[in-house]
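# Residue-level structural notes
Each chain is listed here by its residues.
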Amino acid sequence: MEEQKEISFRIYRYNPHFDKKPYYDNIRITLEKGITVLRALNFIKENIDSKLTFRAFCQAGICGSCGLKINGVSKLACMTQVFKELEDSKEENVILIEPLNNFTIMRDLVVDMDPLVEKLKYYYSWVNPKMPVHELGKKEYLISEEKFQEYDQATDCILCASCVSECLMMEVNPNYISPAVLLKSYRMNVDERDSMQKTRLKKVTSDGGVWDCTHCYKCVEHCVKNIDIMKGIQGLRNSGMKTVSKRSEGAKHAKAFITDIKRKGRLVEFTLITRTLGFIKPIFMLPMMIKMLLRRRVPPPSFMMSEIPRIEKVRKIFRKLKKKNF
Amino acid sequence: MKQYDIVIVGGGGAGLYAAMEILNTDISLNIAVISKIYPNRSHTSAAQGGANAALANKDKTDTIEKHIFDTIKGSDYLADQDAASILCEEAPRVIRELENLGTPFSRMDDGTIAQRPFGGASSPRCCYCADKTGHTILQTLYEQCLRLGVKFYNEYFLISIEENDGVCQGITALNIQSGEIEIFPAKIVILATGGYAKAYWNRSSNAAGNTGDGIAAALRAGVPLKDMEFVQFHPTGLRKSGLLVTEGARGEGGYLINKNGDRFMSNYAPEKMELGPRDLVSRSIETEINEGRGFDSTAGQYINLDLTHLGAELITKRLPQIRELSISFEGIDPIDEPIPIRPTAHYSMGGIDTDKTGRTIMKGLYAIGECACVSVHGANRLGGNSLLEILVFGKIAGHEAALEAKSLNSVSISNSIIDKHKKYFRSLMQPSQYERYGVIREEMGTTLAENVGIYRTEKNLIQAIYDIKKLIERFKRVKVNDTSTVFNTNLVNVLELRNMLNIALAISAGAYARKESRGSHSRTDYTKRDDVNFHKHTMFTLSDGNLDVSYKPVIMGKYELEERTY
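Before going further, it helps to examine the overall build of chain B. The helix and strand inventory of chain B stands at 15 helices and 21 strands. For chain B, the C-alpha radius of gyration of 23 Å lies close to 24 Å, the compact-globule estimate for 566 residues. If you line up chain B on its principal axes, its C-alpha atoms span 65 × 60 × 50 Å. In chain B, buried positions account for 65% of the 566 residues. Long-range contacts, defined here as pairs at least 24 residues apart, represent 72% of the contacts in chain B between residues at least 6 apart. Counting only carbon and sulfur atoms, one obtains 49% of the accessible surface of chain B, whose full area is about 18,900 Å². Considering chain B, the positive charge centre built from 64 side chains and the negative charge centre built from 69 side chains are found 2 Å apart.

Listed below in structure tokens is the structure:
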């Protein structure tokens, strides 16, 4: 007989028709080693509570339906072993099951995925074929291994939305493009079969786009397919700087950073806002600035900031980068 | 009431290809895709291997003609030869079209699409994207449909096909998110709802939703099904989940071991051992288990697939996916322990009877992909031909439907149908209902696996038909506990079970009536292929609630019947 354990599943429940607010159910079941969280949920639905509502389909980690928060972390229920998960449980033999963050909850563990689809559409997440329709299917493009490698990994994405759920920027701004759609945009933009790189890049580099990413790396950390999403984000920023958006706020912000590091070895936050946004927009931020002033949270101006010790070393790095055409 | 020119039910590879082709043919057509899940979740994504096309990139001597012959021979001569020819002739065009639209096919050194050898193929002609071919094809098609502005109704469950005097009027569907029943009048309906191998429930590699919804709805609407008894089994499914361990594991040198520690394949295929053809290996494993040489566990009997002798380095380098699956789904690391496996149902050759354009006998109703039986796979499908089928016939049916739609009269569906369905749903929620759907579903899977599995014999098939008829009776008292309208998956699961029960009966009845062994259908009481009596398609129709079985000739061409040896 295989090892067995009695385990409590503490599951987030909410039916908008009946419940004023969400609550947690505790369901205890005995499971043997080797059972996935999805199998446990299926067991509960079939034998204990048929009202428990969640999405699941392929059960093999490729369709992306069963994204959930398990013990607070976004992942696929079908790829998560119950016994392994117990090692991370805060309470002994208790597993916490909740819906993904940053989405509207429709019922229990089911969230509304439509906003993600809308973003895919808004940011042109497709190859816009160079060929006219009547030419399609006649001959292959020849694609070098090098070009192929640029987008191959990005096409692993199954849109499970674990990255969207973990993204800190999404929490602040629900209209933010999201890591998944950034990855798609990058994947399309490096594909030589596509004909709308510039248009896409313009959109991606405007408000709520690629410049809003805060580099928290949570998307990379939690990608169930281990995709280096940040490589895509950096790639988009690089092309943005080079082509469409030299004058965009994001690009100016990045440039200001670089200038400061070169000059002082650290950030001069006092003038960062005006260098990024100009002089008009910050007027609307005056109340916040006054508040900051009163609380003595205003950073010192440039002339009061000295260079960091051994600034020469930093500048040396810049010289090296310049040599390499960065 | 809003009326569509074309409604496509199902958002997998076939449905999406059809949608794309329709709008590429005539952008003015008013179309919609209705899918019970978000289309990018469809089971097309699970196909790993690839799609066959005689591009001759890898082997310059490969031809379309060779592909056609391989397909017909692989089908054990049950495929319709005109349809098989179209499949192979159109293959290069659809693969190149997908390539032009961004599918990340793996490449040869010269930059052309890479091709690899596959079972039953006389040349390496399978085009692939590493081991994620289906996934990337599905993504490409979904992206293109978004680009073309296809109207999607996601999370809508097909309830019925409506007809008037043999002419299709559209469909009704349950909006899963709201609980409303909605009417979709359409001049043309294209069913692309996928296969039915999930009727074997936990003995299947399929997604939970491959429940044959379109097939069952077509049967209820009076459209005949074809060759339902042909279900392909894969030798190595994981014991608990039925998920696939690909042939690569044996290709790299894995052993199949029984309870006594023997490499039993030496008794069945002394030369090829574990690398014998798929149906033979499946039959051998089944025999070992039937004769008491399998391992016992709470999750059923199994055989070991032993990779431990291959060493950690080879396993982590060449079989990383297999290792990940074993750890995730069985809690077993194949570096340290053998993998428990048993054969698993994974593809359904049968389906809705169509001609080579995807048309059914009902005017305005088409069927494509795994839910259809054109038939190109006959009694046994070749690896790499299933992805190909959804692409080719998705394109053909899409094109045909686009040309036909304008010439058809307008249609209508009476609102009273909504009340009829509502009444039925409410009846399932009555306190007098008591049967548990999970129990019926489990028993259906068990009786199919035990009696209509790899080996079939009259006694077992009679048992299966008896069991399933009883389950259909019990289903009348099945209870839906969830009375909520919003996202009622309990109701959806019960409606899926209703569909699977219809299909389970057809599989069993077809297998009972076919007194021969052909392709995936192995009768221990009729071990030989019988071309005189059974070189024909089995046809299924519903009359007064009873399933009738009849036959229809196979369309032959230039290939005469031959014995199938490899």
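This paragraph deals with helix α10 (residues 385–405) of chain B. For α10 of chain B, with 21 residues, the first-to-last C-alpha span of 29 Å sits near the 30 Å given by 1.5 Å per residue. Most of α10 of chain B sits out of view: 18 of its 21 residues are buried.

Right, let's get into the sheet that holds strand β4 (residues 115–116) of chain B. Residues and elements named next belong to chain B. With antiparallel pairing, the 3 strands of this open sheet are ordered in space as β3-β5-β4. Across the chains shown, the open sheet's two edge strands, defined by having one partner strand only, are β3 (51–52) and β4. Pairing between β3 and strand β5 (residues 126–127): 2 bridges, direction antiparallel. From the neighbouring strand, Ala 51 faces β5, where its bridge partner is Cys 127.

Another aspect to go through is helix α12 (residues 437–451) of chain B. The terminal C-alpha atoms of α12 of chain B lie 21 Å apart, and with 15 residues this matches the ideal 21 Å at 1.5 Å per residue to within 8%. For α12 of chain B, the full list of buried residues reads Tyr 437, Gly 438, Ile 440, Arg 441, Met 444, Gly 445, Thr 447, Leu 448, Ala 449 and Asn 451 of chain B.

Residues and elements named next belong to chain B. Sheet architecture is open: 4 strands sit in the order β11-β14-β13-β12, paired in antiparallel fashion. Two strands lie at the open edges of the sheet, namely β11 (231–238) and β12 (255–257), each paired on one side alone. Averaged over all pairs of adjacent strands, the angle between strand axes in this sheet comes to 45°, irrespective of strand direction.

Residues and elements named next belong to chain B. Following the criterion strictly, the structure yields 16 aromatic pairs over all chains and no others. With a centroid separation of 6.3 Å and 35° between ring planes, the pair formed by Tyr 4 and Phe 184 is classed as tilted. Highlighted residues: Tyr 4 in strand β1 (residues 4–9) and Phe 184 in strand β9 (residues 181–191), separated in sequence by 180 residues. Grouping residues by exposure puts Tyr 4 and Phe 184 together as buried. A centroid spacing of 4.9 Å and a plane angle of 75° characterise the contact between Tyr 153 and Phe 184, whose relative ring orientation is edge-to-face. Of this pair, Tyr 153 sits in strand β6 (residues 151–154) while Phe 184 sits in strand β9, and the two are 31 residues apart along the sequence. Among the aromatic side chains, those forming a connected cluster through ring pairs are Tyr 4, Tyr 153, Tyr 156 and Phe 184. If you follow Arg 239 out to its NZ or CZ, it ends over the ring of Tyr 302, 4.8 Å from the centre. For the cation-ring pair, Lys 536 lies above Phe 534, with the distance from its terminal atom to the ring centre recorded as 5.8 Å.

Time to look at the packing of helix α7 (residues 179–189) of chain A against helix α10 (residues 229–242) of chain A. Residues and elements named next belong to chain A. Direction vectors running N to C along α7 and α10 enclose 60°, while the axes themselves pass 9 Å from each other. On the basis of their axis angle, the class for α7 and α10 is oblique. Classified by chirality, the crossing of α10 by α7 is left-handed. Across from Pro 179, Leu 182, Leu 183, Ser 185, Tyr 186 and Asn 189 in α7, the residues of α10 making contact are Ile 229, Lys 231, Gly 232, Ile 233, Gly 235 and Leu 236.

A word on the pattern of salt bridges. Opposite charge on two side chains makes pairing possible when the charged atoms of those side chains draw close. All names here are of chain B. Scanning all chains against the criterion turns up 57 salt bridges over all chains. A salt bridge links Arg 359 to Glu 404; the nearest nitrogen and oxygen atoms lie 3.1 Å apart. One end of the pair, Arg 359, is in the loop between β15 (351–353) and β16 (365–367); the other, Glu 404, is in helix α10, and 45 residues separate them in sequence. With a relative accessible area of 11%, Glu 404 lands in the buried category. Of the charged contacts in the structure, one is a salt bridge between Arg 474 and Glu 443, with a shortest N-O distance of 2.8 Å. You can see Arg 474 sitting in helix α13 (residues 458–475) and its partner Glu 443 sitting in helix α12, a full 31 residues away along the chain.

All right, on to the side chain of Glu 370 of chain B then. All names here are of chain B. Among the structural elements, Glu 370 can be located in the loop between β16 and β17 (372–373). Nearest to the buried, unbridged Glu 370 among oppositely charged side chains is Arg 381, at 6.9 Å. Among the polar contacts made by the side chain of Glu 370, one reaches the side chain of Ser 348 at a distance of 2.9 Å. Not counting residues up to four positions away in its chain, the partners in contact with Glu 370 are Gly 194, Gly 195, Tyr 196, Tyr 347, Ser 348, Gly 350 and Ile 390.

Once that is clear, we can look at a positive patch on the surface. Among the surface-exposed residues, Arg 310, Lys 313, Lys 316, Lys 320, Lys 323 and Lys 324 of chain A lie close enough to one another that they form a single positively charged patch. Note on placement: Lys 316 of chain A falls in helix α14 (residues 311–323).

Attention now goes to the domain arrangement of chain B. Many analyses report the size of an interface as the accessible area lost when the parts associate. All names here are of chain B. Structurally, chain B comprises domain 1 (231–346) and domain 2 (424–535). When each unit is reduced to the centre of its C-alpha atoms, the spacing between domain 1 and domain 2 is 27 Å. If you look at the interface, domain 1 gives 10 residues, while domain 2 gives 9 residues. Taken over both partners, the interface formed by domain 1 and domain 2 buries close to 730 Å², and the fraction arising from carbon and sulfur atoms is 63%. Its largest share of buried area at the contact with domain 2, domain 1 owes to Val 231, Phe 233 and Arg 283, together 66% of the area lost on that side. The tally of links from domain 1 across to domain 2 stands at 0 salt bridges. If you look at where domain 1 meets domain 2, you find 3 residue pairs in polar contact (both at pLDDT 80 or more). Of all the elements in the fold, those that place two or more residues in the side of domain 1 that touches domain 2 are β11 and α7 (278–290). A per-element tally of the side of domain 1 that touches domain 2 places α7 first, with 6 residues.

Conventions we followed
Residues numbered from 1 in each chain as written. Chains lettered and ligands numbered in written order. Predicted model: local features only at pLDDT ≥ 70, side-chain atom pairs only at ≥ 80, totals over all residues. Heavy atoms only, no water. Helix = DSSP H or I, 4+ residues; strand = E, 2+ residues; numbered from the N terminus. Rg over C-alpha atoms; globule rule 2.2 N^0.38 Å. Buried < 20%, exposed > 50% of the residue type's maximum accessible area, 1.4 Å probe, protein only. Contact = heavy atoms within 4.5 Å. Areas by Shrake-Rupley, 256 points an atom, 1.4 Å probe, with all protein chains shown as cover. Lys, Arg positive; Asp, Glu negative; His and termini not counted. Charge placed at Lys NZ, Arg CZ, Asp CG, Glu CD. Expected span 1.5 Å × (residues − 1). Pairing = 2+ DSSP bridges. Axes fitted to C-alpha atoms, helices over the stretch in contact; angles between N-to-C directions. Phe/Tyr/Trp six-rings, centres within 6.5 Å; stacked < 30°, edge-to-face > 60°. Lys NZ or Arg CZ within 6 Å of the ring centre and 35° of its normal. Parallel < 35°, antiparallel > 145°, perpendicular 65-115°, else oblique. Left-handed = near helix turned anticlockwise from the far one by under 90°. Salt bridge = Lys/Arg side-chain N within 4 Å of Asp/Glu carboxyl O. Polar contact = N/O pair within 3.5 Å; in protein donor to acceptor, adjacent residues only side chain to side chain. Patch = residues over 30% accessible without salt bridge, like charges linked within 9 Å, V, L, I, M, F, W, Y side chains within 5 Å. Domains from an automatic or database assignment. Buried area = accessible area lost by both parts, 1.4 Å probe.

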